[in-house]
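The lines below spell out each chain.
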Amino acid sequence: MMNKIKKVVVVGGGTAGWISASVVKKVLGDFVDVELVESDAVGTVGVGEATIPPIRLLNNMLGLSEADFVRETKASFKLAIKFENWRVKGESYYHTFGAPGKTYAFCHFHHLLKRAQMELGDTSNVWDYDLNYLCAEAGKFGHIKTKDPVLELPYAYHFDAGLYAKFLRKLSESMGVVRTEGFIEHVEQNQETGFIESVILKSGQKVSGDLFIDCSGFRGLLIQQKLNTGYEDWTHWLPCDRAVAVPSERFENTLPYTRAIAHDAGWQWRIPLQHRNGNGLVYSSHHYTDEQALDTLLSNLDSTAIGDPNFIKFRTGRARKQWNKNVIAVGLASGFLEPLESTSIHLIQSAATRLLQLFPHNGIDQKLVDQYNLESQREYEQIRDFIILHYHVNEREDTMFWKDLRNMDVPESLTHKIELYRANGRIFREQNDLFLEPSWLQVMLGQGIEAKDYSPIAKTIARDNLDGLLRSLRTVKNDPVPKLSTHDQFIEKLCGR
Ligand SMILES: Cc1cc2nc3c(=O)[nH]c(=O)nc-3n(C[C@H](O)[C@H](O)[C@H](O)COP(=O)(O)OP(=O)(O)OC[C@H]3O[C@@H](n4cnc5c(N)ncnc54)[C@H](O)[C@@H]3O)c2cc1C
């Protein structure tokens, strides 16, 4: 019989560790103590700077002011990701956080547009009706005060990962989280149950707890090294297994979007911050040597490199159980999906939220554990499919890397989604899928999938009214753009400079 949970030990002080510690302390601090152990000698992975809009819910929940957060973490605003060279070389498209046009009852906007394209020869595209896209291209940003959903401008942030961890540490310690520095050398388990009882530091100090959150990064100190949970490997679908990262000097104008630029055997990220750009190349070690990867990255930087390259190895996939016994793995210890859609920090936030929802205050209950694991698995698989879509549906003929990805078998769940859209123009969001219909639409269109049909509900608009409707929507969407400040002006004003 397991004890009530009175003390939570977080192992690791990277983004995962500090998010987990702050969230648990903030919400359950009256009932549980939280201690975080991290080793300065080991350090953190040092990357992870682009996010998606739900991060704002996390910040709100933690009571952070946007101005403090943006100032302290040297953040910028993110409206979209621009994918370059993915379908073919020389072409690009955006995956924005917005939604094109306006949603009508039972009918997404893209059906109306498809009808106009097929019947009237309309040559506009979904991005012409997307405020996020229009602002991203114009380098504009602002908080649009409106109740009209058509004029919403959903956004996320880019931030400095090191500064973010410091920021959350300060917050967590102010709420009463105890931080212990030291290298964990041993992990003690209960002889009968196999539950973790304590971690022993190099200094001999023992840190005991009832529940352990393993945020030790790729090592998976508790979840893998001690509990041998096992790992589901997805490299056959996502063959990139390395990255090299290097910061470079800032540009005069800070872009309000991330760039994801496809190369011969991988892709490069460019993340604009206030004080520098974050850059990195994600690549397959079967197709590029480390030297080739570094060379590709350095010869595609738009500004001077200002640090040493950081090489990182990874294996795409997930821990078979993200909650095993009294250990919950969060962050890189729980699995890895490459940062193409900036989902890892979101997975940390979502794991921490799920833990709160299923918190085993009376002791570990297997039903709570099973529910947690089921939901984590679904979440990982849905994001996995979305990432595979970018690689698989390509028309690049220039390298084996792209040809192999095009010809590989993909998960049945993804094939179904692609075929449904191709034949009927329909997109359905799976339950709790992180990515909504506009996300799937933009990437399918950007990768070159043409729908052959549209929903008959689009016919409920009189043919003579269709062109006028589209034109007025374009006007409505374009209207706010010239009135907004530039992205840099907005940051300066917000941060009080
Ligand atoms: C190339 C790359 C690019 C990425 N880009 C993005 C992105 O743009 N957006 C995004 O959302 N995510 C991104 N990620 C993911 C993101 O970096 C991670 O999700 C995030 O940093 C969390 O890492 P972590 O805290 O799990 O692990 P780490 O940062 O590795 O932290 C591990 C912690 O465990 C501690 N530790 C380990 N062993 C011991 C020990 N024996 N004793 C004591 N302490 C120990 C370390 O000291 C450290 O504090 C990227 C990841 C990679 C690899």
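Here, residues in each chain are numbered from 1, in the same order as that chain's written sequence. In keeping with the predicted nature of the model, local features appear solely for residues at pLDDT of at least 70, side-chain atom pairs appear and are counted solely at 80 or more, and the whole-chain, interface and lining totals rest on all residues.

Visitor: An account of the overall build of the chain is requested, with residue identities and associated values reported.
Guide: Secondary structure elements follow DSSP: runs of H or I no shorter than four residues count as helices, runs of E no shorter than two count as strands, and numbering proceeds from the N terminus. Looking only at helices and strands, the chain has 14 helices and 23 strands in total. Atoms considered for the radius of gyration are the C-alpha atoms alone. The globule rule reads 2.2 Å times the number of residues to the power 0.38. Its C-alpha radius of gyration of 23 Å places the chain within 12% of the 23 Å reference for a compact globule of 497 residues. Taken over the C-alpha atoms alone, the chain extends approximately 75 × 50 × 50 Å along its principal axes. Exposure in this text rests on C-beta crowding, where 20 or more other C-beta atoms within 10 Å of a residue's own make it buried, 12 or fewer make it exposed, and counts in between make it partly exposed. The C-beta atoms are placed from the backbone. Residues classed as buried in the chain amount to 45% of the 497 residues present.

Visitor: Give me the pairing of strand 14 (residues 242–249): which residues, what numbers.
Guide: One bridge is not enough; two strands pair if DSSP finds at least two bridges between them. Where strand 14 meets strand 17 (residues 276–283), eight bridges bridge the pair, whose relative direction is antiparallel. From the neighbouring strand, Glu 249 faces strand 17, where its bridge partner is Arg 276.

Visitor: Could you give an account of helix 12 (residues 437–446), with specific residues and numbers?
Guide: Taking burial as the measure, the ten residues of helix 12 include nine buried ones, the bulk of the element. Contacts from the buried residues of helix 12 go to strand 4 (80–84), strand 5 (92–96), helix 4 (109–120), helix 9 (366–392) and helix 11 (412–424). Directly beyond the C-terminal end of helix 12, a positive phi value near 100° is found at Gly 448. By the convention adopted here, residues make contact when the C-beta atoms placed from their backbones lie within 7 Å.

Visitor: Requested: an account of the site of the ligand, with residues and values cited.
Guide: Throughout this description, a residue near a molecule or strand is one whose C-beta atom, derived from the backbone, lies within 6 Å of it. Taken together, 39 residues are adjacent to the ligand, and Gly 12, Gly 14, Gly 48, Gly 217 and Gly 331 come closest. When residues of the shell around the ligand are traced back to their parent elements, those giving at least two are helix 1 (15–28), strand 2 (33–38), strand 14 and helix 8 (344–357). Residues of the shell around the ligand, tallied by class, amount to 20 nonpolar, 16 polar and three charged. Asp, Glu, Lys and Arg are counted as charged, while Ala, Val, Leu, Ile, Met, Phe, Trp, Tyr, Cys and Pro are counted as nonpolar; the rest, among them Gly, fall into the polar class.

Visitor: I'd like a rundown of the packing of helix 8 against helix 9, residues and numbers included.
Guide: In contact at an axis separation of 11 Å, helix 8 and helix 9 are set at 160° when each is read in the N-to-C sense. Our classification of the angle between helix 8 and helix 9 gives roughly antiparallel. In this structure, helix 8 crosses over helix 9, and the sense of that crossing is right-handed. In contact with Ser 350, Ala 351 and Arg 354 of helix 8, helix 9 contributes Tyr 372, Glu 375, Ser 376 and Glu 379. A class-by-class count of the residues in the contact of helix 8 with helix 9 yields two nonpolar, two polar and three charged. In this analysis an axis means a line fitted to C-alpha atoms, helices contributing only their contacting stretch, and an angle means the value between N-to-C directions, from 0 to 180 degrees. Orientation is classified from the angle alone, with under 35 degrees giving roughly parallel, over 145 giving roughly antiparallel, 65 to 115 giving roughly perpendicular, and any other angle giving oblique. Each crossing is labelled by how the near helix is turned from the far one, with a counterclockwise turn of less than a right angle marking it left-handed and a clockwise turn marking it right-handed.

Visitor: I'd like a rundown of the sheet that holds strand 11 (residues 206–208), residues and numbers included.
Guide: Taken together, three strands build an open sheet; the order of strands is 9-10-11 and the sheet is antiparallel. The outermost strands of the open sheet, each flanked by one partner alone, are strand 9 (184–189) and strand 11. Along the sheet, successive strands turn relative to each other by an average axial angle of 20°, direction set aside. Alignment of strand 9 against strand 10 (residues 196–201), held across five bridges, turns out to be antiparallel.

Visitor: Give a description of the sheet that holds strand 1 (residues 7–11) that names residues and reports values.
Guide: The mixed open sheet is built from six strands, whose spatial order is 8-2-1-12-21-20. Unpaired on one side and paired on the other, strand 8 (178–181) and strand 20 (323–324) mark the two borders of the sheet. Taken together, the two bridges between strand 20 and strand 21 (residues 327–329) define a ladder with antiparallel strand orientation. Note on strand 21: the bridge partner recorded for Trp 323 is Ile 328. Strand contacts of helix 1: strand 1, strand 2 and strand 12 (211–214), with the helix running at about 170° to strand 2, the strand carrying the most contacts.

Any functional reading would require information that these geometric values do not contain.
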